[in-house]
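# Summary of structural features
If you want the building blocks of each chain, they are given just below.
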There are 2 protein chains.
Amino acid sequence: MADSNRFSVIYQIQADTEKEARRIGNELCIEQTAELPEDVIPDKVRHSFLGEIQQISSIPAGAFHVTVSFPVAETGGEVSQFLNLLNGNISLKRGIRILDLDWQPLTDLATGPRFGISGIRNLLEIPNRPLSCTALKPVGLNFAELADLSHRFAIGGIDLIKDDHGLSNQEPAPFVERVKAVTGAIRKASNKTGKKTAYFPNITADGIETWRRYEIAADLGADGVLIIPQITGLSTLHSIAKSHPPLPIMCHPAFSGSYVLDGQHGCTPAFYYGSLWRALGADAVIYPNAGGRFAFTKEECLEINGRCRSKDIPFKPIFPIPAGGIQRDTIKKWMELYGQDTIFLVGGSLYQHPNGLETAAREFQNQIEEDV
Amino acid sequence: MADSNRFSVIYQIQADTEKEARRIGNELCIEQTAELPEDVIPDKVRHSFLGEIQQISSIPAGAFHVTVSFPVAETGGEVSQFLNLLNGNISLKRGIRILDLDWQPLTDLATGPRFGISGIRNLLEIPNRPLSCTALKPVGLNFAELADLSHRFAIGGIDLIKDDHGLSNQEPAPFVERVKAVTGAIRKASNKTGKKTAYFPNITADGIETWRRYEIAADLGADGVLIIPQITGLSTLHSIAKSHPPLPIMCHPAFSGSYVLDGQHGCTPAFYYGSLWRALGADAVIYPNAGGRFAFTKEECLEINGRCRSKDIPFKPIFPIPAGGIQRDTIKKWMELYGQDTIFLVGGSLYQHPNGLETAAREFQNQIEEDV
């Protein structure tokens, strides 16, 4: 029944008084559902299909936390319609931000990650330390050159190599040739070192081509995939996370900044990356680390990490991947702060090592492994 | 060749001085492409794959217009990678907003709308007046009830009926049953009145299901479709706009507000709805009208209208659809302001008419037709 099965969302609403917050909250309850003036909402819709305020609490800074419940049935069992309920028309109003959501009633709709932290640890046979990760780049190199880079990183002992998210299917390194060349080069390195290095190519593409690349990646022996959910669409992430054979999914935040940078609008970074993307199937989420080129604070990063690993969310805990602004000589500091259930993504700083990528990778790896 | 074929984007960059704007612009040129420290970018990439500042001009309010060109080849012929070039990592930095883009070099990548204003006018046989539109709602009614509403609107003479974007495939009105019932009801009304009314069902769904609904809509005789591009993913919009048989596409802005509400970040509403969505195949775009429940100003609305119809963009002009806040008794004012190449979407105010939907629709239609 629509009204016996509801999920709740905590919105932060800018308002001077609780009365004002309640008025805005009530408007939200209708805007996201019936979207009609109150006097013409049919009775049966009013009783079973509107949002409902459950609780209001005041916080500092002229805002309130307003908890609103919606009928699960209103999603129609579809992620797309769920997103519309959560943040459809109200995305076009100022002063409303999504903080949290209770996924328990939605576990039929959103099925969560298939691997998560434990699954990726099993895959890499690394039970209890942070993981190292780097990116193949830049766009413009050909697939043989990228394969050579991957070989050197793998010889150095890196745990995980992903495509730069700017590598798609451009002429110098088309997807199929790149995945063949890189998986081959990494296998060769692993045969020499005896150490497993995983490869996650970027499958982000247009429309159904994303699924095709997923299948090709699996066929060619990739260990996982990289997706930009904000570009493929979030329901594509969710659908890929149910595709066969199962491969872990690393998510990249390109194109998503507008949702998380405004303190009074959109979503918190912790909710967006650590809760929503996790629920929709991400096994690991890249986010822009504090202290680098991007806008997040250390506190926001810690909140993302916490949400990725939280046991209060009814899906497998996932790896946070702080990236951007991590240098070879600051990695220790970040490891202490973020803890072992973290994948550290270091790109540019490895490429800058005066003694080459192999040495850079080995030094990075030594620091990562010392932590145990 | 990558460097003989470039497209340019105008970014608004917050900066105190031109020097500072140039520094941020140069960072953007690398962030969006090589994404490496400058000293380790390979020469061949530096010459052919980086963004390049073409021009900087100052504007009031501590900001600059910085025109940056990118190689067309860097898109790899894919909308997804084009979006990443345009607004990938930089979406995660504050103080950068997209104002405009020169589509001419990208007409192989983005193919634009198939119908546009002239195609929709041909379809409806209305050569030269504004069009009337209303929405079937609310979610929670069953398909027979929605079909009954559509019949009454069509008897009243409305030009175009779309699904509320909150109608997807929920139990009371599943997609197939709804499209069958509504197309049937509208056909019956048209047979009585002799006047054509078009129906655009909402095909927004998860992953490949969106394409399936497009095909079903076409098979069942729908005249066009409604899509929420920000939920399906923008490349899905573009791919649907190349599907067969051709049907006009109306786009809904749900979930997209975060991209357009911040005056110093994301995109201008005119660029996002009137230029980007048009390039990706929208034949008509709904936007939240000024003076209603949403945040846009009248000036922003006029800019969206202008961009939708602009001859400077190498794609067919498309219909702007102001919605929200248009009342039965204010429609005249908006018609004078926005002109005849506009679809006016009136929802709630028709449902509130004391004499019922048929009368409401007829009065609305009379006002629309008087304008000629």
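Residues numbered from 1 in each chain as written. Chains lettered and ligands numbered in written order. Predicted model: local features only at pLDDT ≥ 70, side-chain atom pairs only at ≥ 80, totals over all residues. Heavy atoms only, no water.

## Section: the overall build of chain A
Each helix and strand in chain A was counted, giving 15 helices and 13 strands. Relative to the globule expectation of 21 Å for 372 residues, the C-alpha radius of gyration of chain A, 22 Å, shows essentially globular dimensions. Looking at chain A as a whole, 66% of its 372 residues are labelled buried. Relative to all contacts within chain A whose residues are 6 or more apart in sequence, the contacts with residues 24 or more apart total 74%. Accessible surface for chain A amounts to roughly 12,500 Å². Of this, 48% is attributable to carbon and sulfur atoms. The distance from the centre of the 36 positive side-chain charges to the centre of the 43 negative ones in chain A is 5 Å. (Helix = DSSP H or I, 4+ residues; strand = E, 2+ residues; numbered from the N terminus. Rg over C-alpha atoms; globule rule 2.2 N^0.38 Å. Buried < 20%, exposed > 50% of the residue type's maximum accessible area, 1.4 Å probe, protein only. Contact = heavy atoms within 4.5 Å. Areas by Shrake-Rupley, 256 points an atom, 1.4 Å probe, with all protein chains shown as cover. Lys, Arg positive; Asp, Glu negative; His and termini not counted. Charge placed at Lys NZ, Arg CZ, Asp CG, Glu CD.)

## Comments concerning the pairing of strand S1 (residues 6-14) of chain A
Residues and elements named next belong to chain A. With eight of nine residues buried, S1 lies mostly within the body of the structure. Here S1 pairs with strand S3 (residues 63-71) via nine bridges, running antiparallel. Its bridge partner lying in S3, Ile-10 is registered against Thr-67. Where S1 lies against strand S4 (residues 96-101), five bridges are found, and the strand directions are antiparallel. By the bridge assignment for S4, Tyr-11 is matched with Ile-98. (Pairing = 2+ DSSP bridges.)

## Looking at the sheet that holds S1(A)
Residues and elements named next belong to chain A. Strands sit in the order S2-S3-S1-S4-S10 across an open sheet of five strands; the sheet is mixed. Every interior strand has two partners, whereas the edge strands, strand S2 (52-59) and strand S10 (266-267), have only one. Inspection of the sheet shows S2 paired to S3 by seven bridges, in the antiparallel sense. The residue of S3 that forms the bridge with Ser-58 is Phe-64.

## Observations regarding the state of the cysteines
If you walk through the whole model with that rule in mind, you get zero disulfides over all chains. Unpaired in terms of disulfides, Cys251(B) finds its nearest cysteine sulfur in Cys308(B), a separation of 10 Å. (Disulfide = S-S within 2.5 Å.)

## Thoughts on the interface of chain A and chain B
A common way to express how large an interface is: the accessible area buried when the components associate. Between chain A and chain B, the contact holds 80 residues from the first and 80 residues from the second. When chain A packs against chain B, the two sides together hide about 6,600 Å² of surface, and 56% of this comes from carbon and sulfur. The tally of links between chain A and chain B comes to six salt bridges. The salt bridge partner of Arg213(A) is Glu78(B), with a shortest N-O separation of 2.5 Å. At the junction of chain A and chain B, the tally comes to 36 residue pairs in polar contact (both at pLDDT 80 or more). Class assignment for the residues of the side of chain A that touches chain B results in 33 nonpolar, 32 polar and 15 charged. (Buried area = accessible area lost by both parts, 1.4 Å probe. Salt bridge = Lys/Arg side-chain N within 4 Å of Asp/Glu carboxyl O. Polar contact = N/O pair within 3.5 Å; in protein donor to acceptor, adjacent residues only side chain to side chain. Nonpolar A, V, L, I, M, F, W, Y, C, P; charged D, E, K, R; others polar.)

## Topic: the environment of Ile53(B)
Residue and element names in this part refer to chain B. Structurally, Ile-53 can be placed in strand S2 (residues 52-59). For the pair Ile-53 and Asn-26, spaced 27 residues apart in sequence, the C-alpha separation works out to 7.0 Å. Non-local contacts of Ile-53, meaning those with residues more than four positions away in its chain, are made with Arg-22, Gly-25, Asn-26, Cys-29, Val-66, Thr-67 and Val-68.

## Some points on the packing of aromatic side chains
Residues and elements named next belong to chain A. Applying the stated criterion across every chain yields a total of 27 aromatic pairs over all chains. Taking the centre distance of 5.5 Å and the plane angle of 55° together, the rings of Phe-82 and Trp-103 count as tilted. Remark: Trp-103 occurs in the loop between S4 and helix H4 (116-124) and Phe-82 occurs in helix H3 (residues 79-87); sequence separation between them is 21 residues. Taken as a pair, Phe-82 and Trp-103 share a single burial class, namely buried. (Phe/Tyr/Trp six-rings, centres within 6.5 Å; stacked < 30°, edge-to-face > 60°.)

## Describing the side chain of Asn202(B)
Residue and element names in this part refer to chain B. In this fold, Asn-202 is placed in the loop between strand S7 (198-200) and helix H7 (209-219). In this structure the side chain of Asn-202 is engaged in a polar contact, spanning 3.2 Å, whose partner is the backbone oxygen of His-165. Engagement of the side chain of Asn-202 in a polar contact is seen with the side chain of Thr-204, the distance being 2.8 Å. In this structure, Asn-202 is in contact with Asp-163, Asp-164, His-165, Leu-167, Ser-168, Phe-175, Arg-178 and Leu-226, ignoring residues within four places of it in sequence.

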